[in-house]
Amino acid sequence: MSCQLSFYKVLLSMVNTVLSLLGIGLIALSVYELNSSTPGTFEHVAVVVQIFIGSFIILTSFTGCIGTCRHSLSLVWSYVMCVGFLLAFQLYIIVAAHSTDYVSNARNDFNNLWSNYTLNEDRISSIETSNHCCGRNSSADYEPIAGAIPKKCYLNQERTLENLFKDGCLEVLEENASKNSQIGLTVKWTIFLLELCALGLASLLGINLRNKRRREQFEN
C-alpha cells in the first residue's frame, strides 16, 4: 500500500508540475494576445477567459501538490472537485474553439475598423506597427484616404522603399488568427488530457488514503 501511495504521489506531482508550467505559458501567451486584440471583440473576450483558466490551473495544481505532500484527504478531494470543474469548463472551451471561425472573426473585426478609418486610426496604426503591415490589402489603400503612404507603414518610420511594409494587414491578421487557433487548440487539448490524468490519479490517491485511514482506525 505504501509503495502504491508513493507511486500515485510521484505521478500526480509530475502532472501538477507540467500543468502549472502550461498554466503559466497560457497566461503569458494570453497577455501577449491581449495587447494585440481589439477590446470588445470575441477574440478579446476569449483571451481574458484564457487568463482566468491559466490562473485557476495554477491554483488548482498548487492545491493538489499540498494535498499530496501532506496526505490531506480533504485537500485531495477538494483538488478532485476543482479538476472536475476545470475539465467541464475546458471541454466547453474546446467545443467552442472548434466551432468558432477565428479567421472570419479577425477579418470582420479589421474590416469594421477600416470602414471607420478616421475614428479608428490609432488602433489601425497600432496593428500596422505591431504586425509590420500596411493598409487593408496593401499600401495602395492609403492613396484615396491620405494621398500618401503614412510613416507608420515604414520600418522605424524611415521613408525608404526597402522599409515599406509590403503585406496588407487583412492577410497578416488572417494568417495570425489561423496560426494562433491551431496553437490554442493544441494547448487546450494537452491541458485537457493532463487534467484527465490528474483527475484519475487524484481519485486513486484519495481512495487509497481513505482506505489506509480506515484500516489504521480498525487496527487501533
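Above this text is the structure in question.
Report follows, based on the coordinates. (Residues numbered from 1 in each chain as written. Predicted model: local features only at pLDDT ≥ 70, side-chain atom pairs only at ≥ 80, totals over all residues. Heavy atoms only, no water.)

Membership of the largest hydrophobic core comes to 25 residues, with the highest contact counts inside it found for Leu12, Leu19 and Leu205. When residues of this core are assigned to their parent elements, the largest contribution, nine residues, is made by helix H3 (residues 73-99). With residues up to four places along the chain from it excluded, the contact list for Leu19 reads Ile57, Ser61, Ile191, Leu194, Glu195 and Ala198. Core analysis: the next-biggest nonpolar cluster, separate from the first, contains 18 residues, Ile127, Cys134, Tyr154 and Leu164 among them. (Core = buried A, V, L, I, M, F, W, Y, C linked by side-chain atoms within 4.5 Å. Buried < 20%, exposed > 50% of the residue type's maximum accessible area, 1.4 Å probe, protein only. Helix = DSSP H or I, 4+ residues; strand = E, 2+ residues; numbered from the N terminus. Contact = heavy atoms within 4.5 Å.)

The end-to-end C-alpha separation of H3 is 39 Å, in line with the 39 Å expected for 27 residues at 1.5 Å each. Those residues of H3 lying buried are Leu73, Val76, Tyr79, Val80, Val83, Leu86, Leu87, Gln90, Ile93, Ile94 and Ala97. (Expected span 1.5 Å × (residues − 1).)

A cluster of nonpolar residues, Trp189, Leu193 and Leu196, forms a patch on the protein surface that exposes about 280 Å² of accessible area. As for its placement among the helices and strands, Trp189 is situated in helix H6 (residues 169-219). For Trp189, a relative accessible area of 35% translates into the label partly exposed. (Patch = residues over 30% accessible without salt bridge, like charges linked within 9 Å, V, L, I, M, F, W, Y side chains within 5 Å. Areas by Shrake-Rupley, 256 points an atom, 1.4 Å probe, with all protein chains shown as cover. Salt bridge = Lys/Arg side-chain N within 4 Å of Asp/Glu carboxyl O.)

Taken as a whole, this structure holds two salt bridges when the rule is applied. Between Arg107 and Glu174 there is a salt bridge, and its shortest N-O distance comes to 2.7 Å. A residue pair is termed long-range when its members are at least 10 positions apart, and Arg107 in helix H4 (residues 102-115) and Glu174 in helix H6 qualify at 67 residues. Taking the relative accessible area as the measure of exposure, Arg107 reaches 30% and is therefore partly exposed.

Moving on: the side chain of Ser139. Structurally, Ser139 is set in the loop between helix H5 (121-131) and H6. Beyond its immediate chain neighbours, meaning those up to four positions away, Ser139 contacts Cys134, Ile149 and Leu164.

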